[in-house]
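Given next are the chains, with one letter for each unit.
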Amino acid sequence: MYRSWQAQLRVLTALTLREMQSQNSSLDYGYAWALIDVCLSITALTLLKVFIKALSPPGMPPILFLVSGMLPWLTFQSTATAIESAIVRNKRLLAMPQITPLDLAIARALQIFCTYGVVFIGAAVGCTYFENAPPPRSIVGVTIVYIASWLLGLAYGLVTMPLSRVFPPAGKIIGLVWRFGLLMSGVFFVITFFPEWAWPYLDWNPMLHAEELTRTYWFSSYQTPVGSPLYLTECLAGLAILGLALERYVRSRIPI
Amino acid sequence: MSVDLQNITMRFAGGRQTLFENLNLRVEAGERVGIAGHPKTGKSTLLRLICGTEYNYEGRIDRDLRVSWPTTFGDYLVMSSTLATNIRFIGRLCGVNNDDFVRKVGEIAGVTEFLNEELGNCPRFVRPQLQFAITIAVEFDIYLFDDTITGGDKDFKEKALGLVRTLDPSRGIVFASSNFKEISSCCDTIYILDKGHVARYENLKEAEKYFKSIGQQTAEKVAVQREMVERPPQEDFTSVLGI
């Protein structure tokens, strides 16, 4: 048992490092471009927010408020959308008995986690200093919710990847999720911005819970009225079980 | 320790065509097995079943030893990375991540002067030689060879054949090819793959005779099919119209 876990860890480490090394490897400074890419995305969205002059809730520094919302969302979205492309792009590696489609998916997800994690820490420290804000109320809480957002992206990607292979138009439908998801997940707002009657229609979304919990653990002035760690865990477990089962089912039936 | 394929059936084209029908094959550690088969008989698929990268089958496979990927496979190589980086990836994957491994692979492949070069900038012979060397440098219980022992230049092919012949007796090989002569030069046991089954031959001459005879049949069948395709229609329009 211990040996198989050790072998699994070895495979994941090798694949994650390969992803990092091969990403932008044709450019000077290689992997640094991946970090720059994320920073530019955040800057663009922050400028957009400043431009539309949306208000941050009282007691929350505006840029830090955005960073705390955008990075969990970007991590979730990038992980979920990268799973399928990671498998298709590296499908030739599946000719090696050590590597399974699941390894490719997890390795890509780990690479995204490392990239966005570094940017998250850098942006959080920088913005806290820049806006002269107090440190997060619970760093452990923020970290756990951030990891949960990443895992949610991995599980969601594992569910959608086999679905779009069995039923290709599903990819189009899934694309719609991202357009609404950015608006409905509390990236730019907290739920108290919406009228109370709308809350039950919004709080089915597990990413909204992740965003609400991040703000609650970060800012002492905010207490979420809907965010539930239990609901987030349930969604995560449900999606993960469904995704793993679907991946196993499709693996032996539909070639990549 | 062995790889044991039991009653393997594989169908494709929605189940209309059968590649293997209740195929049984057992390869023990240290055995040198040759699988001779004419083109399109499923040799590469059989190798994938042996190493565990083929999932779409009925039957049972028991495997309690380490099997390599086919040595001629090299799609894991990244052209924009250096040879050393590519070698280290396999080293990490197989738990032999050290500089000695990089040097060892470089020496086997005869490409030590290119180790810090990007693979895409290296001469053409480097890639096939590297593919062979990386695989053979990792300690597997069974090495797989698909179609040929290795690519690369003639001298390297001879060197590679020598290395395969002098492998540690505890290490086995499975060599699938349509070149009977090449198989018989480094294998002790021959299986002939035909019509979805494998038949074991202890006697090399007998195996070669049978392999040639089925090759003759296949060639005749192909010739008949070609003739049918190329033959002009039996009836032209004048006969159809009764003119």
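Residues numbered from 1 in each chain as written. Chains lettered and ligands numbered in written order. Predicted model: local features only at pLDDT ≥ 70, side-chain atom pairs only at ≥ 80, totals over all residues. Heavy atoms only, no water.

S.K.: What should I look at first to understand the overall build of chain B in this one?
M.R.: A count of helices and strands for chain B gives eight helices and nine strands. Expressed as a percentage of the 243 residues in chain B, the buried residues total 47%. Intrachain contacts of chain B at a sequence separation of at least 6 include 68% that bridge at least 24 residues. (Helix = DSSP H or I, 4+ residues; strand = E, 2+ residues; numbered from the N terminus. Buried < 20%, exposed > 50% of the residue type's maximum accessible area, 1.4 Å probe, protein only. Contact = heavy atoms within 4.5 Å.)

S.K.: When you look at the overall build of chain A in this model, what are you seeing that I'm missing?
M.R.: When its secondary structure is counted, chain A shows nine helices and zero strands. Along chain A, helices (α) and strands (β) appear in the sequence α-α-α-α-α-α-α-α-α when read from the amino end. Classification of the 256 residues of chain A by burial places 48% in the buried group. Residue pairs at least 24 apart in sequence account for 76% of intrachain contacts in chain A once pairs closer than 6 positions are excluded. Of the roughly 13,000 Å² that chain A leaves accessible, carbon and sulfur atoms contribute 71%. (Areas by Shrake-Rupley, 256 points an atom, 1.4 Å probe, with all protein chains shown as cover.)

S.K.: Looking at this structure, how should I read the interface of chain B and chain A?
M.R.: Accessible area lost on assembly of the parts is the figure often given for the size of an interface. Contacts between chain B and chain A engage 21 residues on the former and 21 residues on the latter. In this assembly, chain B packs against chain A so that about 1,900 Å² is buried in total across both faces, 64% of it on carbon and sulfur atoms. At the surface where chain B touches chain A, the tally comes to zero salt bridges. At the surface where chain B touches chain A, the tally comes to one residue pair in polar contact (both at pLDDT 80 or more). At the level of elements, β5 (67–70) and α2 (83–94) of chain B are the ones that each hand at least two residues to the side of chain B that touches chain A. (Buried area = accessible area lost by both parts, 1.4 Å probe. Salt bridge = Lys/Arg side-chain N within 4 Å of Asp/Glu carboxyl O. Polar contact = N/O pair within 3.5 Å; in protein donor to acceptor, adjacent residues only side chain to side chain.)

S.K.: Help me understand the sheet that holds strand β4 (residues 58–63) of chain B, please; the structure alone is not making it clear to me.
M.R.: Consider a sheet: its strands pair through backbone hydrogen bonds, and that pairing is either parallel or antiparallel. Residues and elements named next belong to chain B. The strand order across the open sheet built from three strands is β2-β1-β4, with neighbouring strands paired in antiparallel fashion. Since the sheet does not close on itself, it has two edges, and those belong to β2 (17–28) and β4, each with one partner. Taking each pair of neighbouring strands and ignoring which way they run, the sheet shows an average axis angle of 15 degrees. (Pairing = 2+ DSSP bridges. Axes fitted to C-alpha atoms, helices over the stretch in contact; angles between N-to-C directions.)

S.K.: I'm lost on the pairing of β2 of chain B in this one. Help?
M.R.: On a regular strand, each side chain points to the face opposite its neighbour's, so the side chains alternate between the two faces of the sheet. Bridge count between strand β1 (residues 2–12) of chain B and β2 of chain B: eight bridges; the pairing is antiparallel. Bridge assignment links isoleucine 8 of chain B to a residue of β2 of chain B, and that residue is leucine 23 of chain B.

S.K.: How should the sheet that holds strand β9 (residues 197–201) of chain B be read in this particular structure?
M.R.: All names here are of chain B. Reading across the sheet, the six strands line up as β5-β6-β7-β3-β8-β9 and stay open at both edges, with mixed pairing between neighbours. Edge positions in the sheet fall to β5 and β9, since each has one partner strand and no second. Neighbour to neighbour, the strand axes of the sheet diverge by 20 degrees on average, direction disregarded. Across the sheet, helix α1 (residues 43–51) lies against β3 (32–37), β5, β6 (142–146), β7 (172–177), β8 (189–194) and β9, angled at about 160 degrees from β6, the strand it touches most. Helix α4 (residues 126–137) rests against β5 and β6 of the sheet, and its axis sits at about 160 degrees to β6.

S.K.: Would you explain the packing of aromatic side chains in this entry?
M.R.: Each pair of aromatic rings is reported with the distance of its centres and the angle of its planes. Residue and element names in this part refer to chain B. For the structure on display, the rule yields 15 aromatic pairs over all chains. Ring geometry for phenylalanine 145 and phenylalanine 175: centres 6.1 Å apart, planes at 70 degrees, overall edge-to-face. Of the two residues, phenylalanine 145 sits in strand β6 while phenylalanine 175 sits in strand β7, which places them 30 residues apart along the sequence. For the pair formed by phenylalanine 145 and phenylalanine 175, the shared burial category is buried. An angle of 25 degrees between the planes, with centres 5.8 Å apart, marks the rings of tyrosine 201 and tyrosine 210 as stacked. (Phe/Tyr/Trp six-rings, centres within 6.5 Å; stacked < 30°, edge-to-face > 60°.)

S.K.: What should I look at first to understand the confidence of the model for chain A in this one?
M.R.: When pLDDT drops low, the exact placement of atoms in the prediction is not to be read closely. With 89% of its residues at a pLDDT of 70 or more, chain A shows a mean pLDDT of 83. When mean pLDDT is taken per element in chain A, helix α8 (residues 206–218) of chain A scores highest with 93 and helix α2 (residues 32–52) of chain A scores lowest with 68. (pLDDT = per-residue confidence, 0-100.)

S.K.: Got a minute to help me understand helix α1 (residues 2–22) of chain A in this structure?
M.R.: Between its first and last C-alpha atoms α1 of chain A spans 30 Å; for 21 residues at 1.5 Å apiece the expected length is 30 Å, and the two agree. Buried residues belonging to α1 of chain A abut α3 (62–89) and α4 (101–130) of chain A together with α2 of chain B. (Expected span 1.5 Å × (residues − 1).)

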